[in-house]
Amino acid sequence: MRWVWFHKLGSPKYFYFWSKPLALPLFCLGCLCLAVGLVWGLVFAPADYQQGNSFRIIYIHVPVAMLAQSCYFALGVAGFVYLVWQMKIAPIFIKSMAPIGAVMALIALVSGAIWGKPTWGTWWIWDARLTSVLVLFLLYMGIIALQNALDDVVLANKATAVVSVVGLINLPIIKYSVVWWNTLHQGATFTLMEKPAMPAVMWIPLLICVVGLYCFVASLVLWRMQSEIMQREHRSSWVKQEVMYNNGF
Amino acid sequence: MTYTSFLKSELLVLWRRKQDVVNAVLFFILVVALFPIGVNSSPEFLSPASGGIIWCAAVLAILMAIEGVFKEDYLDGSLEQLVVSGLSLPLLMLLKVVALWVSVVIPLLLVMPLLSEMLSLPSGAFWVLIMTLLVGTPCLFFIGIIGSALTASLKQSAMLVMLLILPFYFPIIIFATSAVQAAQVGLPYSGLLAMLLAMSLLSLVFSPFMTAIAIKASVS
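Under an unreviewed UniProt entry, the name given to chain B is Heme exporter protein B, and the source organism is Marinomonas primoryensis. Note on chain B: under the UniProt heading Function (unreviewed entry), the record states "Required for the export of heme to the periplasm for the biogenesis of c-type cytochromes." UniProt annotates chain B under Sequence similarities (unreviewed entry) with the comment "Belongs to the CcmB/CycW/HelB family."

An unreviewed UniProt entry annotates chain A as Heme exporter protein C originating from Marinomonas primoryensis. Recorded in UniProt under Function (unreviewed entry), the annotation for chain A is "Required for the export of heme to the periplasm for the biogenesis of c-type cytochromes." Regarding chain A, the relevant UniProt record gives this comment under Sequence similarities (unreviewed entry): "Belongs to the CcmC/CycZ/HelC family."

(A) Representation of the overall build of chain B. A count of helical and extended segments in chain B gives nine helices and zero strands. Moving toward the C terminus, one meets the helices and strands of chain B in the order α-α-α-α-α-α-α-α-α. On C-alpha atoms alone, chain B measures out to a radius of gyration of 18 Å, which is about the 17 Å that the 2.2 N^0.38 rule sets for 220 residues. Overall size of chain B, expressed as C-alpha extent along the three principal axes, is 55 × 35 × 30 Å. A fraction of 83% describes how many contacts in chain B between residues 6 or more apart in sequence connect residues 24 or more apart. When the accessible area of chain B is evaluated, it comes to approximately 10100 Å², of which 72% is carbon and sulfur surface. Between the centroid of the 8 positive side chains of chain B and the centroid of its 9 negative side chains there is a distance of 9 Å.

(B) View of the overall build of chain A. The secondary structure content of chain A amounts to nine helices and zero strands. Starting at the N terminus and ending at the C terminus, chain A contains elements arranged as α-α-α-α-α-α-α-α-α. Dimensions of chain A, computed from C-alpha atoms along their principal axes, come out at roughly 60 × 35 × 35 Å. When each of the 249 residues of chain A is scored for burial, the buried share is 46%. Restricting the contact set of chain A to residue pairs at least 6 apart, pairs at least 24 apart contribute 75%. Counting every atom, chain A has about 13000 Å² of accessible surface; 70% of that belongs to carbon and sulfur. Measuring between centres, the 16 positive side-chain charges of chain A sit 6 Å from its 8 negative side-chain charges.

(C) Representation of the UniProt feature "transmembrane region" (unreviewed entry) in chain A within the structure. Residues and elements named next belong to chain A. The sites that carry the UniProt feature "transmembrane region" (unreviewed entry) are, in the present numbering, residues 57-85, 97-116, 128-147, 159-181 and 201-223. Between the C-alpha atoms that bound residues 57-85 there is a distance of 42 Å. The span itself is 97% helix and 0% strand. Counted over residues 128-147, helix gives 100% and strand 0%. Its end C-alpha atoms are 28 Å apart.

(D) Broad picture of the packing of helix H4 (residues 89-120) of chain A against helix H8 (residues 200-232) of chain A. Residue and element names in this part refer to chain A. At a minimum axis separation of 9 Å, H4 and H8 run at an interaxial angle of 135°. With respect to each other, H4 and H8 are oriented oblique. Taken as a pair, H4 and H8 cross one another with a handedness that is right-handed. Note on element contacts: H8 touches H4 through Leu213, Val217, Leu220, Val221, Arg224, Met225, Glu228, Ile229 and Arg232, opposite Ile89, Pro91, Ile92, Phe93, Lys95, Ser96, Met97, Pro99, Ile100 and Met104. Considered class by class, the residues forming the contact of H4 with H8 number 14 nonpolar, one polar and four charged.

(E) Representation of the pattern of salt bridges in the model. Within the structure shown, the criterion is met by seven salt bridges over all chains. Among the salt bridges present, the one from Glu242(A) reaches Lys20(A), with a minimum N-O distance of 2.8 Å. A residue pair is termed long-range when its members are at least 10 positions apart, and Glu242(A) in helix H9 (residues 237-246) and Lys20(A) in helix H2 (residues 12-44) qualify at 222 residues. Given a relative accessible area of 7%, Glu242(A) falls into the buried group. With its nearest N and O atoms 2.6 Å apart, the salt bridge here joins Lys96(B) to Asp73(B).

(F) How the structure looks around the nonpolar core. Counting residues in hydrophobic clusters, the biggest one holds 133 residues, and the most contacted among them are Phe28(B), Phe70(B), Phe141(B), Leu150(B), Tyr169(B) and Ile172(B). Looking at which element gives the most residues to this core, the answer is helix H7 (residues 123-150) of chain B, with 15 residues. Of all hydrophobic cores here, the second largest spans twelve residues; its members include Ile57(A), Val62(A), Met202(A) and Leu206(A).

(G) How the structure looks around the UniProt feature "transmembrane region" (unreviewed entry) in chain B. Residue and element names in this part refer to chain B. Sites flagged by UniProt as "transmembrane region" (unreviewed entry) map to residues 21-39, 45-70, 82-112, 124-146, 158-180 and 192-215. As annotated, residues 82-112 comprises 87% helix and 0% strand, and the C-alpha atoms at either end are separated by 35 Å. Helix makes up 100% of residues 192-215 and strand 0%, and the two end C-alpha atoms of the span are 33 Å apart.

Analysis parameters
- Residues numbered from 1 in each chain as written.
- Chains lettered and ligands numbered in written order.
- Predicted model: local features only at pLDDT ≥ 70, side-chain atom pairs only at ≥ 80, totals over all residues.
- Heavy atoms only, no water.
- UniProt positions renumbered as here; feature names shortened; annotations may be inferred.
- Helix = DSSP H or I, 4+ residues; strand = E, 2+ residues; numbered from the N terminus.
- Rg over C-alpha atoms; globule rule 2.2 N^0.38 Å.
- Contact = heavy atoms within 4.5 Å.
- Areas by Shrake-Rupley, 256 points an atom, 1.4 Å probe, with all protein chains shown as cover.
- Lys, Arg positive; Asp, Glu negative; His and termini not counted.
- Charge placed at Lys NZ, Arg CZ, Asp CG, Glu CD.
- Buried < 20%, exposed > 50% of the residue type's maximum accessible area, 1.4 Å probe, protein only.
- Axes fitted to C-alpha atoms, helices over the stretch in contact; angles between N-to-C directions.
- Parallel < 35°, antiparallel > 145°, perpendicular 65-115°, else oblique.
- Left-handed = near helix turned anticlockwise from the far one by under 90°.
- Nonpolar A, V, L, I, M, F, W, Y, C, P; charged D, E, K, R; others polar.
- Salt bridge = Lys/Arg side-chain N within 4 Å of Asp/Glu carboxyl O.
- Core = buried A, V, L, I, M, F, W, Y, C linked by side-chain atoms within 4.5 Å.

Next up, the structure:
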């Protein structure tokens, strides 16, 4: 197998033209999946025998919480790639991904609080999973703040990459917090290997929601990266040509 | 310049600026004093909370001490000299943390008997508190110095360093305070101390390299 395609993706220009036709189909697919999954889950899935209808927030809470962690994992990998191989595309990815991840972590916290009120009787509790997701949100905000505070682009790239890599340590803490500490938060809803404990009519819409949100976020990141590439490379001739072409000159 | 001369000069600089160390300790005592005054001064509240109060105050004092470590070095150009000196930059950063740790944590430990009396910490838990500070604070320094190195070239960076670094301190505070609380109620605490030591050792391996990357990015 040849790795040329992978190395080419490190170049902003190549990435721009490679990702351009991908974003819109991904966005449409994501929206479609989200619509199908949410309507199925929120309207047609049967009510839970214990929690009644309040369990339905799972169709928002679980996908968003998964995305919040996946986004940070991607951030950490990109940071590592930048520190080791100095790929130009990695800091662009970090800058585009961080705000989306922050929003995901925030929605996960808020939807968790809304879900916690009817089931646990409290909005917030200092449980290991909740606290570690709060830390995840704060890490995202720290990365965004650092990125905005540093005027020097090279320094900002390096700095955010370093923080992204160091912050990876939080992910196993989130993942295993429900296993290591005996706390209120329930265990994982999905595992890769085992059959879910829920009936199929309840977990299939959840799966569709998760896939849909992944596609949705991927398309948003691609769009943000494209505009970031345009901004960073605004002196190069291909960007000028691209802008002229898009405006019909 | 050699590694030993670097360590010596670092310690000498810290010794000549005694006021900084004194300020950090005063700040620490003031934060601790806020809790009995602000929340509740009865021994029933203070005794179980004392470990947490001392740790939170120590974290803040250490952050204050660590936030501006590279500021002077950056401004007078000696940071650049370190980068081009031909010595291993991660190793120099490690020595820097050692010097800083000695100059900040030892004074904190010296005022600890006084504070534990003020907060009516049970005498059985006192040595556990000292142990958590000894094995836990290196991790605070190793993580904090990364943030300090990242923002060395900024003028106003104190707030940013706090925002960046404090989230990483959560697990350390959790394990340290649970060790003290476990000692107070007679539960085994050696596992929690081992976790703290593990985090310090992990950050010892990890942080000098990250700090060196950040320093190189800051001075270039």
